[in-house]
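Here is how the chains run, residue by residue.
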Protein chains: 4
Amino acid sequence: MKVMIDLCVVPMGVGLSVSKYVAACQKVFKDSGLDHRMHAYGTNVEGDWDEVFAAVKRCHETVHEMGAARINTSMRIGTRTDRDQSMDDKVESVKKLLSDV
Amino acid sequence: MKVMIDLCVVPMGVGLSVSKYVAACQKVFKDSGLDHRMHAYGTNVEGDWDEVFAAVKRCHETVHEMGAARINTSMRIGTRTDRDQSMDDKVESVKKLLSDV
Amino acid sequence: MKVMIDLCVVPMGVGLSVSKYVAACQKVFKDSGLDHRMHAYGTNVEGDWDEVFAAVKRCHETVHEMGAARINTSMRIGTRTDRDQSMDDKVESVKKLLSDV
Amino acid sequence: MKVMIDLCVVPMGVGLSVSKYVAACQKVFKDSGLDHRMHAYGTNVEGDWDEVFAAVKRCHETVHEMGAARINTSMRIGTRTDRDQSMDDKVESVKKLLSDV
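Residues numbered from 1 in each chain as written. Chains lettered and ligands numbered in written order. Predicted model: local features only at pLDDT ≥ 70, side-chain atom pairs only at ≥ 80, totals over all residues.

Topic: the interface of chain C and chain D
Test applied: Here, residue contact means that the backbone-derived C-beta atoms of the two residues sit within 7 Å. Helix and strand labels come from DSSP, where a helix needs a run of H or I of at least four residues and a strand needs a run of E of at least two; each type is numbered from the N terminus. Polar here means any residue other than Ala, Val, Leu, Ile, Met, Phe, Trp, Tyr, Cys and Pro, which are nonpolar, and Asp, Glu, Lys and Arg, which are charged; Gly is therefore polar. Two strands make a pair as long as DSSP finds a minimum of two bridges between them.
Contacts between the two partners involve 21 residues from chain C, matched on the other side by 21 residues from chain D. At eleven residues, the largest contribution of residues to the side of chain C that touches chain D is made by strand 4 (residues 70–80) of chain C. Split into classes, the residues belonging to the side of chain C that touches chain D amount to seven nonpolar, eight polar and six charged. Sheet analysis places strand 4 of chain C next to strand 4 (residues 70–80) of chain D, joined by eleven bridges and oriented antiparallel. The partner of Asn-72 of chain C across the bridge, within strand 4 of chain D, is Gly-78 of chain D.

A closer look at the environment of Ser-86 of chain B
In this fold, Ser-86 of chain B is placed in the loop between strand 4 (70–80) and helix 3 (87–100). In sequence terms Ser-86 of chain B and Val-3 of chain B are 83 residues apart; their C-alpha atoms lie 9.7 Å from each other.

Some remarks on the relation of the copies chain C and chain D
Heads up, the condition is: In superposing the copies, a least-squares fit is computed on C-alpha atoms, taking residues whose pLDDT is at least 70 in both.
The transform that puts chain C on chain D rotates by 180° and translates by 0.0 Å along the axis, for an RMSD of 0.0 Å. Expressed as a symmetry operation, the mapping of one chain copy onto the other fits a two-fold axis. Minimal C-alpha distance to the rotation axis in chain C is attained by Met-75 of chain C, lying at 2.5 Å. Mapped onto chain D, 100% of the interface residues of chain C are again interface residues, and the two copies thus contact each other with one and the same surface.

Concerning the nonpolar core
For clarity, the cut-off: In this usage, the nonpolar core is the set of buried Ala, Val, Leu, Ile, Met, Phe, Trp, Tyr and Cys residues whose C-beta atoms join them within 7 Å. Here a residue counts as buried when 20 or more other C-beta atoms fall within 10 Å of its C-beta, as exposed when 12 or fewer do, and as partly exposed in between; the C-beta atoms come from the backbone.
If you look at the biggest cluster of nonpolar residues, it comprises 128 residues, and the most contacted ones within it are Val-9 of chain A, Val-9 of chain B, Val-9 of chain C together with Val-9 of chain D. Setting aside residues up to four positions removed in sequence, Val-9 of chain C forms contacts with Tyr-21, Val-22, Cys-25, Cys-59, Val-63, Ile-71 and Thr-73 of chain C.

Here's the deal with the packing of helix 1 (residues 19–32) of chain C against helix 2 (residues 49–65) of chain C
Residue and element names in this part refer to chain C. Selection criterion: Only C-alpha atoms enter the line fits that serve as axes; for helices the fit covers just the stretch in contact. Angles between N-to-C directions range over 0 to 180 degrees. Crossing handedness is defined as follows: a turn of the near helix away from the far one that is anticlockwise and smaller than a right angle gives a left-handed crossing, while the clockwise case is right-handed.
Remark: helix 1 packs on helix 2, axes separated minimally by 9 Å, with the N-to-C direction vectors making an angle of 145°. The way helix 1 lies across helix 2 gives a crossing that is right-handed. Across from Tyr-21, Ala-24, Cys-25, Val-28, Phe-29 and Ser-32 in helix 1, the residues of helix 2 making contact are Glu-51, Ala-55, Arg-58, Cys-59, Thr-62 and Val-63. Across the contact of helix 1 with helix 2, the residue classes break down as eight nonpolar, two polar and two charged.

Regarding the interface of chain D and chain A
The partner chain A presents 27 residues to the 27 residues of chain D that form the contact. Those elements giving two or more residues to the side of chain D that touches chain A turn out to be strand 1 (2–12), helix 1 (19–32), strand 2 (35–39), strand 3 (42–48), strand 4 and helix 3 (87–100) of chain D. Here the side of chain D that touches chain A takes seven residues from helix 3 of chain D, the largest share from any one element. Within the side of chain D that touches chain A, the residues separate by chemical class into 13 nonpolar, eight polar and six charged.

Describing the packing of helix 1 (residues 19–32) of chain A against helix 3 of chain D
We count it as follows: In what follows, roughly perpendicular refers to angles from 65 to 115 degrees, roughly parallel to angles under 35, roughly antiparallel to angles over 145, and oblique to any angle outside these ranges.
Between helix 1 of chain A and helix 3 of chain D, the least distance of the axes is 9 Å, while the angle of their chain directions is 60°. With respect to helix 3 of chain D, the axis of helix 1 of chain A lies oblique. Seen along the crossing, helix 1 of chain A lies across helix 3 of chain D with a hand that is right-handed. Contacts between helix 1 of chain A and helix 3 of chain D involve Ser-19, Lys-20, Val-22, Ala-23 and Gln-26 of chain A from the former and Ser-93, Val-94, Leu-97 and Leu-98 of chain D from the latter. Taken together, the residues of the contact of helix 1 of chain A with helix 3 of chain D break down into five nonpolar, three polar and one charged.

Here we look at helix 2 (residues 49–65) of chain B
Put simply, the test is: A helix is expected to span 1.5 Å multiplied by its residue count minus one. Starting at the helix axis, one direction is taken to each C-beta atom, and the arc is that of these directions.
Between its terminal C-alpha atoms helix 2 of chain B stretches 24 Å, which fits the 24 Å expected from 17 residues at 1.5 Å a residue. The complete set of buried residues in helix 2 of chain B reads Val-52, Phe-53, Ala-55, Val-56, Cys-59, His-60 and Val-63 of chain B. The buried residues of helix 2 of chain B occupy one face: seen down the axis, they fall within an arc of 150°. The inward-facing, buried residues of helix 2 of chain B contact helix 2 (49–65) and strand 4 (70–80) of chain A together with strand 1 (2–12), helix 1 (19–32), strand 3 (42–48) and strand 4 of chain B. Gly-67 of chain B occupies a position one or two residues after helix 2 of chain B and carries a positive phi of about 115°.

Focus: the pairing of strand 4 of chain B
Residue and element names in this part refer to chain B. Most of strand 4 sits inside the fold, with eleven of its eleven residues counted as buried. Residues of strand 4 alternate between two faces, with Arg-70, Asn-72, Ser-74, Arg-76, Gly-78 and Arg-80 on one and Ile-71, Thr-73, Met-75, Ile-77 and Thr-79 on the opposite face, all of them buried. Bridge count between strand 1 and strand 4: nine bridges; the pairing is antiparallel. Paired with Leu-7 across the bridge in strand 4 is Met-75.

Spatial relationships are all this shows, so hold off on functional conclusions.
Right, dumping it as C-alpha cells:
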C-alpha cells in the first residue's frame, strides 16, 4: 500500500527554537531514500506504507535522542486504491485548473 | 516506545454518511487489544508504537476493502520519555486543576 | 454556518507539563457557553462558526498571556449543509452500528 | 496577533477527484491578498489572525456553494509573541542547518 503523508514534528520542553530538530528529521527522510519535500509548516513524504512509517518512527527516536523528552506530531495520511498519484500530480492538477481560469 | 495517538479516518467517494467505516475502525482497535476511546471527532489509542501503527494500517486496509477508494486521515502522535502517562492521567491532571479553581 | 471542531493546543517553551494551559483553554470554552468536551488528546467544540473561532482565538491569547511565547495547535474542522448533526448524534450513530454487530 | 496556518480542505460526498475544490480555495487565498503557498498536501497561509480565519471561513462557504455538502478540514495553527518569523525564515533556518552538516 502506497501512502502520502504530511507531518509536523514538534519537540516540547526544549525552548522556542526547534529548527535543529526539524533538520534532524529532514536528514532521517533523506537517509530513508523516500521522496520528501519540506514546506514552511511540515513535510510531505510519499512511498510504501511500511517504509514511510519506519521513517516517522525514526524521527521520533532521533528527536528523543537529541534530548527532547516529549514530542507532539500532527500528520495527514492519504491512501488511494483507484490510481497512482504522486506529489507532483496533485500540485499539477490544481495548478492546471488555476491557469485555465 | 509507547505512543498515544488521536486519529480521524475519513473515507472519500462514498457519500456523506461515514459511520459504518468509523465503526469498522473501532472494531479494528477492539480486536487489536489496544486501549482506545472514541469521541465525537476521532479516537484516542495508546500502546506500543508498532502495535498502534499496525492497527492504523489495518484501519486503512479495512476501509479500502469496504469500497472506499480514497482515505484521508488526520492524526496527532505523542511520545514522551520522561514518564509514563496514560489517557486517564492526562484527563485527570486537567480536571484536578479545573476543580481547584 | 455551524461547525464542529476538535483542537489540541500545545504551548512551546514552557517545559513538559502543559496541563495548566489546557485547563485555561477549558475555562475559555466554558465561559464561551459553547458545547465542548475534553478527551485525552484534545477537545471537541461545536456551535456557530464565528463564536467557535472567537473562542479558539481567545485560547491562544490566554495561553500567550500565561507566558507561553509560542503555541502550536492542531485542529479538525467539520461543516455540513445537508443536516444538523450534534456531537451526540455522531457518537450514537457509530455505537448503534457496533451494537448491531 | 499574527498567525501561520497549514490547512487541507477535504470535501466529502463529491467523488474522488477534489482538485477543483482545492483550486477554488487557492483563489480565495489569492483574492484575500494573504501570503500563501500550496504544497502537495495542503497550503501554508500567514497574516493577521482575523484575516486568515476570514479566508478559511470563505473557503468552507465556497466549497459548500460548489455543491459539497460536507467538508472536513485539518489545520495547524502557529502563533508566537517572541519574534516575527515568516514562512521563508522558517524554511531558511532549517536549510542553513542542513547545509552546515
